[in-house]
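# Chains, contacts and geometry: an overview
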Amino acid sequence: MCCGTILSQTLSLMLTLVRWYISHVRTTVNRHLWGNAKRLRGERRFRSPSHRSVVGSKAVYKKEPGCPSPPRKCCAPAASKHRQQDENRMTERIRKKIAFIGAGTMAFALAKGFTSSKRVLPSEITMLVRNEAARNHAIENGYLAVHTLEELDPMDIIFISVTATEALDLVRSFAPVIDGSHHLIISISIGVSLSKLVETVTEEKEKHGQKVEGNRRIARLLPNVACQSGHGVSVFCLGPDCSHDDGHTIMNLLTTCGVCYRIEERYMDASAALAGSGPAFVFMLLDALSDAGVKNGLPRVVASSLAIDMVKGSAGFARAKQSVKTLGELKEETILPGGATITGLTELDRHGFVNSVIQAVEQCMIPADPDTNLL
């Protein structure tokens, strides 16, 4: 009995010693680890002047081998709730029925952009056509081809893609059936102002004794030829009864074909001359640069590729620097005193390059020939 008691006490004492030893080891290890961490933080905070460089009035410590880098702090503010909603709208499906009156080149270019982005299904696009070739082209692309205005009544968005003279007659003919509750009319006809379209709809509504207010959801849109490849530049303005959502819808549609800007109507003619006719000026410049390369011994393919990539790169660089430098300042950065670039610029100036471009854009502000057939 006595031996059993002694054995029990001995085992209890040994167990106590083991527990104490484990606790002691754990405490020692933790102190060692925390000490190293504090030492590292202390070294990063309180280094000698030889380990730092001064930028302005702040000391910026250089990273040393073996020293962990401090965590980076994200300074970019989170997008606001409304901005996030707008961004979501720019990528979501547009569940609307779209019609084009006039199946011309621009109509098919826009339709291709809409469907290629998957925001609009081909089955949701209808073309009002007048000839068999356009009808076959529409059907081949999966669009619905119709022949009468009455068949467009179920549509949500109707694009007018006809000549200037035809546009006004067209608006007069179907103005009485325009219902502002679900019809958004978008004109891409050159030479017809938004105010004239609104005035025409107002007159026809009043003539038929119909309500005018709320039934003038009309917008004017001017895309350019590069929309065919998804690199277009478009501008648009909204009529008096268009809502904020109408602007988002147009922006959402047109960003499938490139970039899009909403502007005031008074800027439409100048914007159309610059962005609409501008591609032709750029193509002429590219062709001239290619000819210059060929004249100086480059193969045509190489010269054309260099010209295209140079213009593309220059435009991208200008866009990246737009918020901090003007185009004139960027031009000055490429010039070296007595260098080749200033010699070439002097030659361009001698032939009136800048003035020629300005005059060309001004001439393009003249309305297009009303007899031009866009169908």
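Let us look at the structure shown here. Nothing here was measured: the structure is a model prediction, and the numbers come from that model.

Conventions adopted
Residues numbered from 1 in each chain as written. Predicted model: local features only at pLDDT ≥ 70, side-chain atom pairs only at ≥ 80, totals over all residues. Heavy atoms only, no water. Salt bridge = Lys/Arg side-chain N within 4 Å of Asp/Glu carboxyl O. Phe/Tyr/Trp six-rings, centres within 6.5 Å; stacked < 30°, edge-to-face > 60°. Helix = DSSP H or I, 4+ residues; strand = E, 2+ residues; numbered from the N terminus. Buried < 20%, exposed > 50% of the residue type's maximum accessible area, 1.4 Å probe, protein only. Patch = residues over 30% accessible without salt bridge, like charges linked within 9 Å, V, L, I, M, F, W, Y side chains within 5 Å. Areas by Shrake-Rupley, 256 points an atom, 1.4 Å probe, with all protein chains shown as cover. Core = buried A, V, L, I, M, F, W, Y, C linked by side-chain atoms within 4.5 Å. Contact = heavy atoms within 4.5 Å.

With the rule as written, the count across this model stands at 11 salt bridges. With a shortest N-O distance of 2.8 Å, Asp-291 and Arg-300 are connected by a salt bridge.

To continue, consider the packing of aromatic side chains. Per the counting criterion, the structure on display carries 4 aromatic pairs. Ring plane angle 25 degrees and centroid distance 6.3 Å describe the contact between Phe-100 and Phe-114, whose orientation is recorded as stacked. Of this pair, Phe-100 sits in strand 3 (residues 98–101) while Phe-114 sits in helix 3 (residues 105–116), and the two are 14 residues apart along the sequence. On the accessibility criterion, Phe-100 (0% relative accessible area) is buried.

Take a nonpolar patch on the surface next. Nonpolar side chains collect at one region of the surface, where Leu-285, Leu-289, Met-310, Leu-348, Phe-353, Val-354, Val-357 and Ile-358 lie side by side and expose about 650 Å² of accessible area between them. Broken down by secondary-structure element, the contributors of at least two residues to the nonpolar patch are helix 8 (268–295) and helix 12 (353–364). For the nonpolar patch, the element with the most residues is helix 12, which contributes 4 residues. In this structure, Val-357 sits in helix 12.

Another aspect to go through is the environment of His-208. Positionally, His-208 belongs in the loop between helix 6 (194–207) and strand 8 (218–222). Between the C-alpha atom of His-208 and that of Ala-175, which follows or precedes it by 33 residues, the distance is 9.7 Å.

With 33 residues, the main nonpolar core has Ile-98, Phe-100, Phe-114, Met-127, Phe-159 and Leu-253 as its most contacted residues. It is helix 3 that contributes the most residues to this core, 5 residues altogether. Every residue in contact with Phe-100, bar those within four places of it in the chain, is listed here: Ala-107, Leu-110, Ala-111, Phe-114, Ile-125, Thr-126, Met-127, Leu-128 and Phe-159. Of all hydrophobic cores here, the second largest spans 28 residues; its members include Ala-167, Ile-178, Leu-194 and Ile-218.

Any functional reading would require information beyond the geometric quantities listed.
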